[in-house]
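# Structure at a glance
Each chain is listed here by its residues.
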Amino acid sequence: MATSPQKFILVTGGAGFLGSHLCEALLGDGHRVLCADNLQTGRLENIDHLSRENRFEFIEHDVVEPISVRVDQIYNLACAASPPHYQADPIHTLKTSFLGALNVLDVAKQTGARVLQASTSEVYGDPDVHPQQEDYWGKVNPNGPRACYDEGKRCAEALFLEYHRQAGVQVKIARIFNTYGPRMSPGDGRVVSNFIVQALRNDPITVYGSGGQTRSFCYVDDLVRGFIGLMNSDDSVTGPINLGNPQEVRVRDLATMIVRMTDSRSSIQQKPLPQDDPTRRCPDITLAKQQLDWSPEVPLSNGIKQTVAYFRQHLAQDAETPVALSA
Ligand code: NAD
Ligand code: UDP
């Protein structure tokens, strides 16, 4: 139950992968949670188990539209995060990033709520500097297919910091690096869910390009702990602050690891590398360690094991295609 006085907390994008885990953790800490989501990529099944709790409320709402609510804290997570999804309707992605940020910041300005923005390592684009520190300005293609997301999130960061400087709003900006775990959607399109679903179905594993590009994967529980730590940090801490796991992994090595861990018969199938796909990505988390006393604890193999178990169960329930059910 509550370790701090009960708060009323708005989570936008709360029916999505990260949002549903965050809502669950906040309820676990004894708070009241209002989850606002347009269900674009989120799913009601992610929050079904929370709906039985009378401290939890869901509203179907698009953050592009203003919202009127009096809360103590706001976590702004609403935005499709998977490249195929955010590129499917790029104008809506840009509106979500900018207008969504504007609308929650206006609520915070009017009510005095604290507001946390789920920003992204994509603000660094295809970086020249490794690992990425918060003071690196990044290398983003401003008019390529990823720009709707990258530039939308960069603009949202600027808006957050101007609301802080000009209007005194208490803001927190988390730059999230690739995070994975249970409740990713099987059709999400991101690398961890794709590879696990393909491996469990014994389908070819789709490695884009040579697979030599890297990402650094953070388990969802670690990330959520970082979110809550940042939200409740000292007033002087605004971020942007990197939240991610600094263990850097090649995409082709991730494929091999998942095939091995699932005892899959899948082969590796090479597919074209999407335009502007970042070559390397790895967070420098010195700031998070210093300011939040935060660092990730879940090793990749443990996190992947949990995620495989989730998809095994999920696919066995849902899919018509048989999956490898052995542990
Ligand atoms: P997700 O797609 O599972 O969740 C996003 C949620 O936002 C979904 O429930 C979706 O329906 C909702 N949404 C999208 N547009 C909306 C709108 N206009 N109005 C209301 N709801 C809307 O993705 P996720 O991985 O849970 O990502 C959550 C947040 O974290 C996103 O803002 C994303 O940019 C950020 N982030 C995630 C990662 C990651 O690796 N998971 C990395 C960097 C940043
Ligand atoms: N990727 C891949 N196969 C897939 C999905 C993704 O090889 O089926 C690659 C993708 O090209 C990128 C990395 O995995 O290099 C991470 O992709 P994801 O979409 O998960 O996230 P992002 O590119 O936004 O970091």
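The coordinates are above.
Report follows, based on the coordinates. Small disclaimer: the values here were computed from a predicted structure and weren't measured.

The next subject is the side chain of Gln 213. Topologically, Gln 213 is positioned in the loop between strand E8 (205–208) and strand E9 (214–216). Separated by 3.0 Å, the side chain of Gln 213 and the backbone oxygen of Tyr 208 make a polar contact. Among the polar contacts listed, one links the side chain of Gln 213 to the backbone nitrogen of Gly 211, at a separation of 3.3 Å. Not counting residues up to four positions away in its chain, the partners in contact with Gln 213 are Tyr 208, Val 249, Arg 250, Val 251, Leu 273, Asp 277, Pro 278 and Thr 279.

To continue, consider the nonpolar core. Residues Leu 22, Tyr 75, Phe 227, Leu 254 and Ile 304 are the most contacted members of the largest nonpolar core, which totals 60 residues. Among the elements that make up this core, the one with the highest residue count is helix H7 (residues 220–231) (seven residues). Core analysis: the next-biggest nonpolar cluster, separate from the first, contains 23 residues, Ala 36, Val 69, Val 104 and Ala 156 among them.

Judged by pairing direction, the sheet is parallel, and its seven strands sit side by side in the order E3-E2-E1-E4-E5-E6-E11 without closing on themselves. Because the sheet does not close on itself, it has two edges, and the strands there are strand E3 (56–60) and strand E11 (241–243). Pairwise comparison of adjacent strand axes, ignoring direction, gives a mean angle of 20 degrees for this sheet. In the packing of helix H1 (residues 17–28) onto the sheet, contacts are made with strand E1 (8–12), strand E2 (32–37), E3, strand E4 (73–76) and strand E6 (171–176), and the angle to E1 comes to roughly 170 degrees. Helix-sheet contacts for helix H4 (residues 90–111) involve E1, E4, strand E5 (114–120) and E6, and the interaxial angle to E4 is about 175 degrees.

Right, let's get into the packing of aromatic side chains. Under the counting rule described, the total for this entry stands at seven aromatic pairs. Between Tyr 180 and Phe 217 the ring centres are 6.4 Å apart and the planes differ by 85 degrees, which places this aromatic pair in the edge-to-face class. With a gap of 37 residues between them, Tyr 180 in strand E7 (residues 179–180) and Phe 217 in the loop between E9 and strand E10 (218–219) connect regions that are remote in the sequence. For Phe 217, a relative accessible area of 4% puts it in the buried group. Where Tyr 180 meets Tyr 219, the ring centres are 5.6 Å apart and the plane angle is 65 degrees; that geometry is what we call edge-to-face. With Tyr 180 in strand E7 and Tyr 219 in strand E10, this residue pair connects regions lying 39 residues apart in the sequence. The burial state of Tyr 180 is the same as that of Tyr 219; both residues are buried. Cluster of aromatic residues (ring-pair linked, three or more members): Tyr 124, Tyr 136 and Phe 177. When the ring centre of Phe 8 is taken as origin, the NZ or CZ atom of Arg 32, which lies over that ring, is 4.1 Å away.

Conventions used here
- Residues numbered from 1 in each chain as written.
- Chains lettered and ligands numbered in written order.
- Predicted model: local features only at pLDDT ≥ 70, side-chain atom pairs only at ≥ 80, totals over all residues.
- Heavy atoms only, no water.
- Helix = DSSP H or I, 4+ residues; strand = E, 2+ residues; numbered from the N terminus.
- Polar contact = N/O pair within 3.5 Å; in protein donor to acceptor, adjacent residues only side chain to side chain.
- Contact = heavy atoms within 4.5 Å.
- Core = buried A, V, L, I, M, F, W, Y, C linked by side-chain atoms within 4.5 Å.
- Buried < 20%, exposed > 50% of the residue type's maximum accessible area, 1.4 Å probe, protein only.
- Pairing = 2+ DSSP bridges.
- Axes fitted to C-alpha atoms, helices over the stretch in contact; angles between N-to-C directions.
- Phe/Tyr/Trp six-rings, centres within 6.5 Å; stacked < 30°, edge-to-face > 60°.
- Lys NZ or Arg CZ within 6 Å of the ring centre and 35° of its normal.

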